[in-house]
Amino acid sequence: MEEMGSNFYNNETVFATYMRHRQGADTPNETLEKPVILELVYPITNKRILDLGCGDAAIGREFLDHAAASYIGVEGSHKMIETAIQTLNGTLGEAILQTIEDWAYPSIAFDIVLARLSLHYIADLLPVFTNVFRTLIPGGKFVFSVEHSVITSCHRGWNAGTLRQDWIVDNYVLTGLRATNWLGGTVKKYHRTIEDYFDLLQTVGFRIEALREAHPQPQHFHDTETYERRKRIPLFLILAARKPE
Ligand SMILES: C[S@@+](CC[C@H](N)C(=O)[O-])C[C@H]1O[C@@H](n2cnc3c(N)ncnc32)[C@H](O)[C@@H]1O
């Protein structure tokens, strides 16, 4: 099985395994990535939020419960979108089945655009970043996380399912497609250097406000051993950028 981006998550086994991991308590998403995302995205009161590759849209529900004006999740996997629709049931939130590449971005419509761990599935980010810039209001904010460039560079030496203790970084400047075994399937992701993300944002006109690597903070961990292990390898790269007024 070798599939692209959101189609990967349509596979029954992949989807079930992903959701089981994602909803666990001490996942790196919850302990490392989410605290930084929240720090960079808040305040959200009365904000119109677009979430690209929203997955189950759990964060959308959370935003709406904390007084966001609106939330739209765009998601390419039909299995994910079913879950997202259930999550947002009874709220003003909306989940749309569409790819990040092909969605018709309305002009000057959102205060915040978020993309959590979805952009490394996309071959060409320049048109996506251009659309994000256009869809934001002046002064609007773009916050996204990707797998850290150290991680996407090379997967030699790690068996999916085992605990990561160290990591081989290789072919770092050779950007582009990487196929890896993950969650019982083969997934294609795109490796970019940190500099690539930085340059892309600046190219479309964003002013970069933060570059974070989600350093572990003890208060987010139940388990000291996991906290210590998470200090070894950077898993996430998170950027926040603003459309100038
Ligand atoms: C690792 S999951 C993250 C989900 C969610 N953002 C979260 O943090 O819980 C990546 C999500 O991006 C979606 N995705 C990947 N490529 C996409 C694309 N080109 N268009 C729309 N969705 C995409 C996948 O279907 C998947 O739901």
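Whatever comes next refers back to the structure up there.
Quick look at the structure, then. Fair warning: this is a prediction, and the values are worked out from it, not measured in the lab.

### Thoughts on the site of the ligand
Taken together, 21 residues are adjacent to the ligand, and Gly53, Glu75, Ile100, Glu101 and Arg116 come closest. A distance of 2.7 Å separates a nitrogen atom of the ligand from a polar atom in the backbone of Gly53. At 3.0 Å from a nitrogen atom of the ligand is found a main-chain nitrogen or oxygen belonging to Arg116. Coverage of the ligand by the protein amounts to 96% of the 590 Å² it exposes when considered alone. Class assignment of the residues belonging to the shell around the ligand gives a composition of eight nonpolar, nine polar and four charged.

### Here we look at the pairing of strand β6 (residues 136-147)
For β6, the tally of buried residues reaches eleven of twelve residues, placing the bulk of the element in the interior. Relative to β6, strand β5 (residues 110-116) runs parallel, the two being bridged by six bridges. Across the sheet, the residue bridging to Ala115 is Phe144, located in β6. Once the chain exits β5 it traverses helix α5 (residues 126-135) before rejoining the sheet at β6, and the crossover so formed is right-handed. Both β6 and strand β10 (residues 236-242) contribute to a ladder of seven bridges, which runs antiparallel. Residue pairing for β10: Val146 is matched across the bridge by Leu237.

### Considerations on the packing of helix α1 (residues 12-22) against helix α4 (residues 78-88)
Axis separation between α1 and α4 bottoms out at 10 Å; the angle between their running directions is 40°. By the angle between their axes, α1 is oblique relative to α4. Contacts between α1 and α4 involve Glu12, Phe15, Tyr18 and Met19 on the former and, on the latter, Lys79, Met80 and Thr83. Looking at the contact of α1 with α4, its residues break down into four nonpolar, one polar and two charged.

So, how was this worked out
Residues numbered from 1 in each chain as written. Predicted model: local features only at pLDDT ≥ 70, side-chain atom pairs only at ≥ 80, totals over all residues. Heavy atoms only, no water. Near = heavy atom within 4 Å. Polar contact = N/O pair within 3.5 Å; in protein donor to acceptor, adjacent residues only side chain to side chain. Areas by Shrake-Rupley, 256 points an atom, 1.4 Å probe, with all protein chains shown as cover. Nonpolar A, V, L, I, M, F, W, Y, C, P; charged D, E, K, R; others polar. Buried < 20%, exposed > 50% of the residue type's maximum accessible area, 1.4 Å probe, protein only. Helix = DSSP H or I, 4+ residues; strand = E, 2+ residues; numbered from the N terminus. Pairing = 2+ DSSP bridges. Right-handed = clockwise from strand over helix to strand, strands pointing away. Axes fitted to C-alpha atoms, helices over the stretch in contact; angles between N-to-C directions. Parallel < 35°, antiparallel > 145°, perpendicular 65-115°, else oblique. Contact = heavy atoms within 4.5 Å.

The values are spatial; any link to function lies outside them.
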